[in-house]
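# Analysis of the macromolecular model
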Amino acid sequence: MNEQVKLTVSDEVAIGIQGMNKWFGSFHVLRDIDLTVNRGERIVVCGPSGSGKSTLIRCVNALEEHQSGQIIVDGTELTSDIKNVDKIRSEVGMLFQHFNLFPHLTILENCTLAQIWVRKIPQAEAEETAMHFLTKVKIPEQANKYPGQLSGGQQQRVAIARSLCMRPRIMLFDEPTSALDPEMIKEVLDTMIELAEDGMTMMVVTHEMGFARQVANRVIFMDEGQIVEQNEPKEFFNNPKSDRTKLFLSQILGH
Amino acid sequence: MAENNASFVRHELIKEQVPPVSERGLVKWVRENLFSSPFNAIMTVLSLWVIYSIIAGSAPWFINGVWNASSVRECYDILDGVSGACFAVLKERFPQLIYGFKYPATEYWRPNITTLLLLVALAPVLFRKLPRQLLAFSIIYPFLAYWLIWGGTILVPVVAFLGFAAGVYCFRRFSTNAFALGVIVGVIVASIFWLFGGYLSEANETFLSLQAVPSRDMGGLMLNLLLGTIACSVSIPLGIFLALGRQSSMPIIKWICVVFIEFIRGVPLITLLFVANVILAFFFPPDTSIDLILRVIIMMTFFNSAYIAEVVRGGLAALPSGQYEAANSLGLDYAQSMRLIILPQALKISIPGIVNVSVGMLKDTTLVSIISMFDLVGMIRGPILSTSEWNGVYWELFGCAAAIFFVVCFSISKYSQWLERQLETSNR
């Protein structure tokens with residue numbers, strides 16, 4: 001899996017973040033974040049734990065509120081207006097470290113629920129869409145099981161299918177493989193690579209550097225709530241500029 | 001061993017064999033559960049002896065029981081010095097125990113039918129597998145039950161139902177734009193319906209009417225079931241709303257809920273009942289008479305809902321925050337994520353607690369005997385034990401009351417255990 005996925009990136013801005021700051025109480029988590037993601041771009045965000053990378057992507061669909069600056073997603077500015085927030089959330093898919101499937105619903109119901117209630121799609125059509133995406137992530141046969149009966153890798157793939165059912169234009173990944181056993185990481189990463197090949201705009205927080213090399217257009221390194229370095233993956237890994245990046249890379253690639 | 005050879009290959013698999021007798025069936029069970037050690041063996045023998053003496057001691061009392069007598073004197077005469085129960089009181093005072101002493105005897109069929117219909121109305125609520133159309137009857141049932149128990153013209157419950165239906169319809173129609181607008185329009189339309197319907201039913205008091213029975217004539221087990229059923233069924237939704245309100249980010253709603261829950265939980269039920277009985281009347285205009293039963297129902301509902309709110313809050317707190325985030329990130333709004341994602345899981349966790357509180361409530365309905373209402377216990381303490389015929393027949397009467405409550409509460413608890421197993425989806 002070393003061939004770099006090639007895709008053209010459009011000039012249209014998918015996510016625009018300007019001068020964004022966030023505090024948890026008095027703790028300054030995100031400091032003056034400026035970041036533009038174009039449509040079709042695949043961004044990998046990495047950095048030591050506590051560097052604010054998860055908080056950054058959680059701000060993009062308003063799971064966390066930012067206190068100053070501007071976030072524009074798909075042309076809509078994120079404000080406290082609940083209508084904007086709901087609109088952006090239905091356009092942006094989100095994957096979590098712990099999958100967060102709904103344990104009281106079957107796999108199929110997990111995938112159809114939001115289509116039926118948010119998009120007002122008739123049940124039959126929603127089920128068809130759900131089966132389409134479950135086939136795409138290669139687990140259509142599990143449709144009538146409950147999440148608790150699936151392995152971690154399968155659950156994360158269901159979570160991907162569940163997001164895709166809403167036909168999102170942007171996908172956010174918050175450490176999608178870090179709760180998985182090693183042999184399951186590959187099946188999830190393969191699914192994500194397929195998504196990238198389909199031209200999905202992706203913002204991925206991950207420690208999978210192989211994935212970053214292969215898929216990302218840009219790698220962003222964060223430390224202490226700020227963007228320290230960003231570059232194309234080849235340059236980023238082979239020729240890091242900042243000392244903190246060098247230290248981080250030597251720690252995660254050194255063993 | 002001459003050689004220490006590490007390599008080993010099995011060519012034939014060993015066949016499965018039957019375990020020895022001591023590891024099978026009854027013998028194994030008895031050995032493991034009753035006689036696993038000398039101490040346990042002694043305890044087993046001791047327990048058997050205790051159980052035997054209890055049965056041997058109490059059996060004659062049951063077996064010699066007198067079922068046909070008109071007073072406790074007659075019972076003793078029939079027993080003639082032998083120890084035995086005087087069950088005749090149950091037989092002779094049966095209608096009083098069940099319906100109280102004032103409910104007209106010709107109308108007993110009404111509470112009977114109401115109770116039967118209650119089972120029909122509860123069935124689709126309790127068992128998800130039954131066809132959903134049956135729920136329509138469950139919605140009509142409260143109005144029907146009111147008419148059957150209290151009597152009067154059928155126009156009253158019909159108007160109440162139509163007003164309710166119109167209100168719900170308007171709420172559905174307008175709440176798609178704004179929730180508050182839906183609530184306001186719904187309440188206004190329903191009130192208009194009730195106002196005009198009120199005049200209509202007052203003018204036609206004899207239209208399809210059953211003999212009216214005033215609330216103060218209700219009594220016996222019927223009163224307990226009436227109070228318990230209404231208080232439980234209203235307080236569960238109310239408790240859920242209180243629990244959600246307590247978590248609200250809107251400070252006024254949050255504080256109203258917190259103060260309500262903490263106040264009600266901090267006060268004994270019996271004080272609330274006295275308040276309902278005596279003090280509440282001062283708060284209403286002099287010529288309005290809110291029925292005592294209604295006042296008691298309101299207090300019991302408040303009391304139960306405060307406890308249920310805390311149980312549900314525990315369920316809500318037990319859910320990982322990821323569930324809220326996943327629901328939000330899919331674009332579900334607050335009402336949808338609560339109804340479809342959060343509450344189904346939180347309530348499942350809360351089932352044992354909700355049932356616990358509700359069973360307690362059902363038993364606490366006997367407290368109304370203290371504010372001189374004649375429920376099952378009130379009937380026993382008052383009109384039955386105080387008569388000269390049945391003075392002193394404590395064991396039979398209170399034993400019977402205990403048995404009735406035990407059967408009802410035990411069934412509820414069995415149902416809740418069954419429901420928990422039904423809702424179990426994960427194999428954690």
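Residues numbered from 1 in each chain as written. Chains lettered and ligands numbered in written order. Predicted model: local features only at pLDDT ≥ 70, side-chain atom pairs only at ≥ 80, totals over all residues. Heavy atoms only, no water.

All right, on to the overall build of chain B then. Scanning chain B for helices and strands turns up 17 helices and 2 strands. Along the three orthogonal principal directions, the C-alpha set of chain B runs to about 110 × 80 × 40 Å. Here the analysis covers contacts within chain B between residues at least 6 apart in sequence; of these, 67% occur between residues at least 24 apart. Just so you have it, chain B exposes about 25,500 Å², and 69% of that area is on carbon and sulfur atoms. One finds the centroid of the 28 positive side-chain charges in chain B at a distance of 7 Å from the centroid of its 25 negative side-chain charges. (Helix = DSSP H or I, 4+ residues; strand = E, 2+ residues; numbered from the N terminus. Contact = heavy atoms within 4.5 Å. Areas by Shrake-Rupley, 256 points an atom, 1.4 Å probe, with all protein chains shown as cover. Lys, Arg positive; Asp, Glu negative; His and termini not counted. Charge placed at Lys NZ, Arg CZ, Asp CG, Glu CD.)

A word on the sheet that holds strand 7 (residues 170-174) of chain A. Residues and elements named next belong to chain A. Strands sit in the order 6-7-8-3-9-10 across an open sheet of 6 strands; the sheet is mixed. Each edge of the open sheet is held by one strand with a lone partner, namely strand 6 (92-95) and strand 10 (226-231). Taken pair by pair, the neighbouring strands of this sheet meet at an average axis angle of 20 degrees, ignoring direction. Sheet analysis places strand 7 next to strand 8 (residues 201-205), joined by 5 bridges and oriented parallel. Bridge assignment links aspartate 174 to a residue of strand 8, and that residue is valine 205. Its contacts with the sheet place helix 1 (residues 53-60) against strand 3 (42-46), strand 6, strand 7, strand 8 and strand 9 (218-223), and it is angled at close to 150 degrees to strand 7. Across the face of the sheet, helix 2 (residues 82-91) comes into contact with strand 6 and strand 7 while running at roughly 65 degrees to strand 6. (Pairing = 2+ DSSP bridges. Axes fitted to C-alpha atoms, helices over the stretch in contact; angles between N-to-C directions.)

Another point: the state of the cysteines. All names here are of chain B. Going through the model one piece at a time under the given rule, you end up with 1 disulfide over all chains. Here cysteine 75 pairs with cysteine 86 through a disulfide, and the sulfurs are 1.9 Å apart. With the S-S bond torsion at 70 degrees, the cross-link from cysteine 75 to cysteine 86 turns out right-handed. In this pair, cysteine 75 sits in helix 3 (residues 72-79) while cysteine 86 sits in the loop between helix 3 and helix 4 (88-92), placing the two residues 11 residues apart along the sequence. Comparing cysteine 75 with cysteine 86 shows no difference in burial state: the two are buried. (Disulfide = S-S within 2.5 Å. Buried < 20%, exposed > 50% of the residue type's maximum accessible area, 1.4 Å probe, protein only.)

Let us now look at helix 10 (residues 220-246) of chain B. Look at helix 10 of chain B: 37 Å from first C-alpha to last across 27 residues, which is about the 39 Å you get at 1.5 Å a residue. When the local axis directions of helix 10 of chain B are compared, the greatest deviation, roughly 30 degrees, occurs at serine 235 of chain B, which is followed within four positions by the proline proline 237 of chain B. (Expected span 1.5 Å × (residues − 1). Bend = angle between axes of the 7 residues up to and from the residue.)

This next bit is on the domain arrangement of chain B. Residues and elements named next belong to chain B. Split by domain assignment, chain B resolves into domain 1 (62-92) and domain 2 (217-428). Taken together, the contacts link 12 residues of domain 1 with 9 residues of domain 2. Interface of domain 1 and domain 2: buried area, both sides summed, is about 770 Å²; carbon and sulfur atoms make up 76% of it. On the domain 1 side of the interface with domain 2, the three residues burying the most area are Val72, Val89 and Leu90, jointly 59% of the side's total. Broken down by element, the residue count for the side of domain 1 that touches domain 2 peaks at 4 residues, all from helix 4. Class assignment of the residues belonging to the side of domain 1 that touches domain 2 gives a composition of 9 nonpolar, 2 polar and 1 charged. (Domains from an automatic or database assignment. Buried area = accessible area lost by both parts, 1.4 Å probe. Nonpolar A, V, L, I, M, F, W, Y, C, P; charged D, E, K, R; others polar.)

Let's shift gears to the interface of chain B and chain A. Listed as interface residues are 20 residues of chain B and, on the opposing side, 25 residues of chain A. Carbon and sulfur atoms supply 62% of the area that chain B and chain A bury against each other, a total of about 2,000 Å² over both sides. Linking chain B with chain A are 1 salt bridge. Inspection of the region where chain B meets chain A yields 6 residue pairs in polar contact (both at pLDDT 80 or more). In terms of residue count, the dominant contributor to the side of chain B that touches chain A is helix 14 (residues 321-329) of chain B (7 residues). (Salt bridge = Lys/Arg side-chain N within 4 Å of Asp/Glu carboxyl O. Polar contact = N/O pair within 3.5 Å; in protein donor to acceptor, adjacent residues only side chain to side chain.)

For the rest of this paragraph, the subject is the packing of helix 13 (residues 292-318) of chain B against helix 15 (residues 334-364) of chain B. Between two packed helices, both the angle of their axes relative to each other and the distance between the axes serve to describe the pair. All names here are of chain B. Across the interface, helix 13 lies against helix 15 with an axial gap of 8 Å and an inter-helix angle of 150 degrees. On the basis of the axis angle, helix 13 is roughly antiparallel to helix 15. Note that helix 13 runs across helix 15; the crossing there is right-handed. Across the interface between the two elements, Met300, Phe303, Asn304, Tyr307, Ile308, Val311, Val312, Gly315, Leu316 and Ala318 from helix 13 touch Ile342, Leu343, Ala346, Leu347, Ile349, Ser350, Gly353, Ile354, Val357, Ser358, Met361 and Asp364 from helix 15. Residue composition of the contact of helix 13 with helix 15, grouped by class: 16 nonpolar, 5 polar and 1 charged. (Parallel < 35°, antiparallel > 145°, perpendicular 65-115°, else oblique. Left-handed = near helix turned anticlockwise from the far one by under 90°.)

Turning next to the side chain of asparagine 304 of chain B. For asparagine 304 of chain B, the location among the structural elements is in helix 13. The buried category is assigned to asparagine 304 of chain B, whose relative accessible area is 1%.

Looking now at the side chain of threonine 301 of chain B. Tracing the sequence through the fold places threonine 301 of chain B in helix 13. In this structure, threonine 301 of chain B is in contact with Ala231, Val234, Ser235 and Leu238 of chain B, ignoring residues within four places of it in sequence.

Secondary-structure assignment places threonine 153 of chain B in strand 1 (residues 152-153). Taking the C-alpha atoms as reference points, threonine 153 of chain B and alanine 212 of chain B, separated by 59 residues in sequence, lie 8.3 Å from one another.

Residue and element names in this part refer to chain B. Where helix 14 contacts helix 15, the two axes come as close as 10 Å, and the packing angle between them is 165 degrees. By the angle class used here, helix 14 and helix 15 are roughly antiparallel. As for how helix 14 packs across helix 15, the hand of that crossing is right-handed. Between helix 14 and helix 15, the contacting residues are Gln323, Tyr324 and Ala327 on the first element and Ser337, Met338, Ile341, Ile342 and Gln345 on the second. Its residues placed into classes, the contact of helix 14 with helix 15 shows 5 nonpolar, 3 polar and no charged.

Let's shift gears to helix 1 of chain A. With 8 of 8 residues buried, helix 1 of chain A lies mostly within the body of the structure. Backbone geometry just downstream of helix 1 of chain A places alanine 62 of chain A in the positive-phi region, at approximately 65 degrees.

All names here are of chain A. The 4 strands lie next to each other as 2-1-4-5, forming an open sheet whose pairing is antiparallel. Both edges of this open sheet fall to strand 2 (27-38) and strand 5 (76-77), since each of them pairs with a single strand only. The pairing of strand 1 (residues 13-24) with strand 2 spans 8 bridges and is antiparallel. Within strand 2, the residue paired with methionine 20 across the bridge is isoleucine 33. Along the sheet, helix 1 makes contact with strand 1, strand 2 and strand 4 (68-73), crossing strand 1 at roughly 120 degrees.

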